[in-house]
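Listed below, chain by chain, are the residues.
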Amino acid sequence: GWDKKFYVWDVRLSSNSSSSKNSKAVATLDLPGKAFSMDASLDGTKVVVATSGRKNCFLDIRLSNISQVVDKENEGSENNVAKLLLERESSLKYQTRCVKFFPDTKGIAVGSIEGRVAIEYLDDIGISSGKKKYAFKCHRVNDTIYPVNTIAFHPHHGTFATGGADGSVVTWDGNN
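Participant: Explain the pattern of salt bridges to me, please; I cannot follow it from the model alone.
Facilitator: Pairing between side chains becomes possible if they bear opposite charge and their charged atoms approach one another. The full count for this structure, using the stated rule, is five salt bridges. Lys100 serves as the salt-bridge partner of Asp39, at 3.5 Å between the closest nitrogen and oxygen. You can see Asp39 sitting in strand S3 (residues 35–40) and its partner Lys100 sitting in strand S7 (residues 96–101), a full 61 residues away along the chain. With relative accessibility at 13%, the residue Asp39 sits in the buried group. The closest approach of N and O atoms between Glu89 and Arg54, which form a salt bridge, is 3.1 Å.

Following this line, the structure appears as structure tokens:
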């Protein structure tokens, strides 16, 4: 969030009270900047957070021993911290607006305020793709550049759509 921290809550551990003031995060991690966008992998094990300073943080949010998080005396111990897999700078020059995992979790798409989308692969955290990253311009009308606000993938075909501040939705074939 804006406090430069990433929190994980486990809804299975929620208390009987309906007050959100009593809920505690089961895991926390300091981020290199304010969180601007994030996405979770479809298998629920990884999260990518796009932060200020053009950093993308890849996190493993699986907790090794869930019983430790129930013990309030253990709160803040190393066992309750989400694991940072990788922190790297975005390949785009300007502020990240949105980030999205591929459906197969082998890469991410990053949209920025400069009207560009970058396709980046996760070979450096052990997820092999054998492909090179690339970026392309989009959401431009004449000489006006519009930010990319959202990215959504088709679950099977490798295509994706971007929504821009120009009010348009454009579909792309990322495999070709």
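We are not done yet, so read on.
Participant: Help me out: how do you make sense of the packing of aromatic side chains in this one?
Facilitator: According to the stated counting rule, one finds eight aromatic pairs in the structure shown. Ring geometry for Tyr7 versus Trp9: centroids 5.6 Å apart, planes at 35 degrees, classification tilted. Within the aromatic cluster, the residues linked to one another by ring pairs are Phe102, Tyr121, Tyr134, Phe136, Phe153, Phe160 and Trp172.

Participant: Looking at this model, I keep getting lost on the side chain of Arg88. Mind explaining?
Facilitator: Following the sequence through the fold, Arg88 ends up in strand S6 (residues 83–89). One polar contact links Arg88 to Glu120, side chain to side chain, over a distance of 3.3 Å. Dropping the residues within four chain positions of it, Arg88 is found in contact with Arg54, Lys55, Asn56, Phe58, Glu120, Tyr121, Leu122 and Asp124.

Participant: Is there a simple way to think about the environment of Thr28 in this case?
Facilitator: Here Thr28 is to be found in strand S2 (residues 27–30). On a C-alpha basis, the gap between Thr28 and Trp9 in space is 9.2 Å, while along the polypeptide they are 19 residues apart. Polar side-chain contacts of Thr28 include one of 3.4 Å to the backbone oxygen of Phe6.

Participant: Teacher, can you tell me more about unusual backbone geometry here?
Facilitator: Negative phi values dominate among residues other than glycine, just as trans dominates among peptide bonds. Backbone geometry at Arg54 places phi at a positive 60 degrees, although glycine is not the residue there. Relative to the helices and strands, Arg54 resides in the loop between strand S4 (46–51) and strand S5 (55–60). Residue class for Arg54 comes out partly exposed when judged on its relative accessible area of 23%. For Thr105, which is not glycine, the phi torsion reads 65 degrees and is therefore positive. Residue Thr105 is classed as buried on the basis of its relative accessible area of 9%.

Participant: Before we go on, may I ask you to explain the sheet that holds strand S10 (residues 134–137) in this structure?
Facilitator: Working definition: the strands of a sheet are paired by backbone hydrogen bonds and lie parallel or antiparallel to each other. Pairing is antiparallel across the open sheet formed by four strands, whose spatial order is S7-S8-S9-S10. Across the chains shown, the open sheet's two edge strands, defined by having one partner strand only, are S7 and S10. Direction aside, neighbouring strands of the sheet carry axes that sit 15 degrees apart on average. In this structure, strand S8 (residues 107–112) lies alongside strand S9 (residues 116–121), joined through five bridges in antiparallel fashion. For Gly107, the partnering residue across the bridge sits in S9 and is Tyr121.

Participant: How should the environment of Arg88 be read in this particular structure?
Facilitator: The class of Arg88 is buried, set by a relative accessible area of 15%. Among the polar contacts made by the side chain of Arg88, one reaches the main-chain carbonyl oxygen of Tyr121 at a distance of 3.2 Å.

Participant: Explain the sheet that holds strand S14 (residues 159–164) to me, please; I cannot follow it from the model alone.
Facilitator: Taken together, three strands build an open sheet; the order of strands is S13-S14-S15 and the sheet is antiparallel. One side of each edge strand has no neighbouring strand; the edge strands of this open sheet are strand S13 (148–153) and strand S15 (169–173). Averaged over all pairs of adjacent strands, the angle between their axes in this sheet comes to 25 degrees, without regard to strand direction. As judged from the five bridges shared by S14 and S15, these two strands associate in the antiparallel manner.

Participant: Just checking my understanding: could you explain the environment of Ala135 for this structure?
Facilitator: Positionally, Ala135 belongs in strand S10. Ignoring any residue separated from it by four or fewer positions in sequence, one finds Ala135 in contact with Leu92, Val117 and Ala118.

The rules behind these values
Residues numbered from 1 in each chain as written. Predicted model: local features only at pLDDT ≥ 70, side-chain atom pairs only at ≥ 80, totals over all residues. Heavy atoms only, no water. Salt bridge = Lys/Arg side-chain N within 4 Å of Asp/Glu carboxyl O. Helix = DSSP H or I, 4+ residues; strand = E, 2+ residues; numbered from the N terminus. Buried < 20%, exposed > 50% of the residue type's maximum accessible area, 1.4 Å probe, protein only. Phe/Tyr/Trp six-rings, centres within 6.5 Å; stacked < 30°, edge-to-face > 60°. Polar contact = N/O pair within 3.5 Å; in protein donor to acceptor, adjacent residues only side chain to side chain. Contact = heavy atoms within 4.5 Å. Pairing = 2+ DSSP bridges. Axes fitted to C-alpha atoms, helices over the stretch in contact; angles between N-to-C directions.

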